[in-house]
Amino acid sequence: MRRGSIFWGVILVLAGILFLLSNLGLLKVNVWNLLWPFFLIALGIAFLWGTIFRNPNSGEHVNIPLEGAARARLRLRHGAGRLSIQGGAQTGDLIDGNFGGGLDFRTRHSGDELDVEMSVPPQFFPFVWGPGYNLDWNFQLSSEIPISLNVEGGANDAMIDLSDLRIDEFTLKSGASSTQLTMPAEAGRTRARIETGAASVKVQVPSGVAARIRAQGGLASIQVDTARFPKQNDSYQSADFDMAPNRIDFDIQLGVGSVQIG
């Protein structure tokens, strides 16, 4: 954020110098005619510089403690940039990670459940943008307790690895995005709902985990590994689904994207 402020500060100083030279009669051009092209050039430089020197570790570091909770419900909205979620939060923390663009969050206790809502703070375009600035989120979740996880994505690129987590409910709502999703390996029974817009979602079900997959709607395509999940009427299902200790029940609502499950 600091480098972005310096960048736009320099741009404003240069614009002020041009106006000063024009008012003193030392610059024989109409500054107003130069201002808009000057601004567009500066904005383009900011975007290019920010992409080239993108810093994945920039942003706000946040950890949210469990505070004795026996389970958690987490809802997050991430509209742009890269999103990376995995297990590995330190003992006693529900969430630990870096949040490009900052993080707005609210926590609430309801009995032994910790309820958390997360979103990107409102941004004042374009002045918070600058070299190295990004909206990338990279954080870890606790493997200590069961979690209900709801992810809403916009035009983002998501890597969600739930393999080490105890996710009993999972919802993904994705827009014009690309998502790589690995499901839990030892969470017991997980209910998963995936709603896609113009999105690409690739789902990996860990070895030894059974699944039942029901999909409907849209102009999208769904590709399922039928060797693991044979088709049965209007769904795909592992032969041992009803008896498997670890199993995932998928409900998929298709838009115009694609979903692959293997």
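Residue positions are counted from 1 within each chain, in the order its sequence is given. Owing to the predicted nature of the model, reporting of local features is limited to residues with pLDDT of at least 70; listing and counting of side-chain atom pairs is limited to 80 or more, with chain, interface and lining totals taken over all residues. Working from all heavy atoms in the structure, the side-chain values ignore hydrogens and water.

J.: How should a nonpolar patch on the surface be read in this particular structure?
T.: On the surface, Val13, Leu14, Ile17, Leu20, Leu21, Leu24 and Leu26 cluster together into a nonpolar patch covering about 650 Å² of accessible area. Residue burial is assigned from relative accessible area. The probe radius is 1.4 Å, only protein chains are included, and a residue is buried under 20% of its type maximum, exposed over 50%, and partly exposed in between. Its relative accessible area of 41% is what places Ile17 among the partly exposed residues. For patch detection, residues must exceed 30% relative accessible area and be free of salt bridges, and they are connected within 9 Å for like charges or within 5 Å for nonpolar side chains (Val, Leu, Ile, Met, Phe, Trp, Tyr). Areas reported here follow the Shrake-Rupley algorithm with a probe of radius 1.4 Å; residue values treat only the protein chains shown as occluding. Throughout this description, the term salt bridge denotes a Lys or Arg side-chain nitrogen within 4 Å of a carboxyl oxygen of Asp or Glu.

J.: Would you mind going over the side chain of Ser142 with me for this structure?
T.: The secondary structure listing takes helices from DSSP runs of H or I that are at least 4 residues long and strands from runs of E that are at least 2 residues long, numbered from the N terminus. In this structure, Ser142 sits in the loop between strand E6 (137–141) and strand E7 (147–161). A relative accessible area of 1% places Ser142 in the buried class. Within 3.5 Å is the distance limit for a polar contact, defined as a pair of N or O atoms, with the added protein rule that one can donate a hydrogen and the other accept it, and that residues adjacent in sequence qualify only through two side-chain atoms. From its side chain, Ser142 meets the backbone nitrogen of Glu144 in a polar contact 3.0 Å long. In contact with Ser142, not counting residues within four places along its chain, are Leu66, Ala89, Asp93, Leu94, Ile147 and Leu165. Residues count as neighbours in contact if any of their non-hydrogen atoms are within 4.5 Å of one another.

J.: Honestly, unusual backbone geometry in this entry has me stumped. Any pointers?
T.: Backbone phi values are negative for most residues with the exception of glycine, while trans is the configuration of most peptide bonds. The phi torsion at Glu67 lies on the positive side, around 55°, for a residue other than glycine. As for its placement among the helices and strands, Glu67 is situated in the loop between strand E1 (60–65) and strand E2 (71–87). Its identity is not glycine, yet Asn233 carries a phi of approximately 60°, on the positive side. Relative to the assigned elements, Asn233 resides in the loop between strand E14 (231–232) and strand E15 (235–237).

J.: How do you make sense of the confidence of the model for the chain when you look at a structure like this?
T.: In low-pLDDT regions, the fine details of the predicted coordinates are not to be read closely. Confidence scores here are pLDDT values: one per residue, from the predictor, ranging 0 to 100. Averaged over all residues, the pLDDT of the chain equals 83, while 77% of them reach at least 70. Overall, residues 124–132 carries pLDDT values under 50, and its contacts beyond four positions in sequence, including any with other chains, amount to 27 contacts.

J.: Just checking my understanding: could you explain the pattern of salt bridges for this structure?
T.: Oppositely charged side chains can pair when the atoms bearing their charge come close. In the structure shown here, the tally under the stated rule is 15 salt bridges. Between Glu195 and Arg193 there is a salt bridge whose closest N-O contact spans 2.7 Å. The partly exposed category is assigned to Arg193, whose relative accessible area is 29%. One network of salt bridges, with partners in common, ties together Arg75, Arg106, Arg108, Asp115 and Glu117.

J.: Would you explain the environment of Thr226 in this entry?
T.: Among the structural elements, Thr226 can be located in the loop between strand E13 (221–224) and E14. Placed 11 residues apart in sequence, Thr226 and Gln237 show a C-alpha to C-alpha distance of 8.6 Å.

J.: Before we go on, may I ask you to explain the packing of aromatic side chains in this structure?
T.: Note on aromatic pairs: each is described by the distance of the centres and the angle between the planes. Here the aromatic set is Phe, Tyr and Trp, taking the six-membered ring for Trp, and pairing holds for ring centres within 6.5 Å; pairs whose planes are under 30 degrees apart are stacked, those over 60 apart are edge-to-face, and all others are tilted. If you walk through the whole model with that rule in mind, you get 2 aromatic pairs. Ring geometry for Phe99 and Trp137: centres 5.2 Å apart, planes at 75°, overall edge-to-face. Residue Phe99 is located in strand E3 (residues 93–99), and its partner Trp137 is located in strand E6; the two are separated by 38 residues in the primary sequence. Here Phe99 falls in the buried class, since its relative accessible area comes to 0%. Ring geometry for Phe99 versus Phe139: centroids 5.4 Å apart, planes at 25°, classification stacked. Pair noted here: Phe99 is in strand E3 and Phe139 is in strand E6, with a separation of 40 residues, a long-range link. One exposure class covers both Phe99 and Phe139, and it is buried.

J.: Looking at this model, I keep getting lost on the side chain of Thr179. Mind explaining?
T.: Counting through the fold element by element, Thr179 comes out in strand E9 (residues 178–182). With a relative accessible area of 2%, Thr179 lands in the buried category. Residues in contact with Thr179, not counting those within four places in the same chain, are Ala158, Ile160, Leu172, Ser200, Val201 and Lys202.

J.: So what exactly am I meant to see when it comes to the pairing of E9 here?
T.: Along any regular strand the residues' side chains alternate between the sheet's two faces. What you see with E9 is a clean split: Thr179 and Leu181 sit on the buried side and Ser178, Gln180 and Thr182 on the side with no burial. Strand pairing is assigned whenever DSSP identifies at least 2 bridges connecting the two strands. In the sheet, E7 pairs with E9 via 5 bridges, with the strands oriented parallel. When the bridges of E9 are listed, Asp161 appears paired with Thr182. Here E9 runs beside strand E11 (residues 200–204); their pairing, made up of 5 bridges, is parallel. For Gln180, the partnering residue across the bridge sits in E11 and is Lys202.

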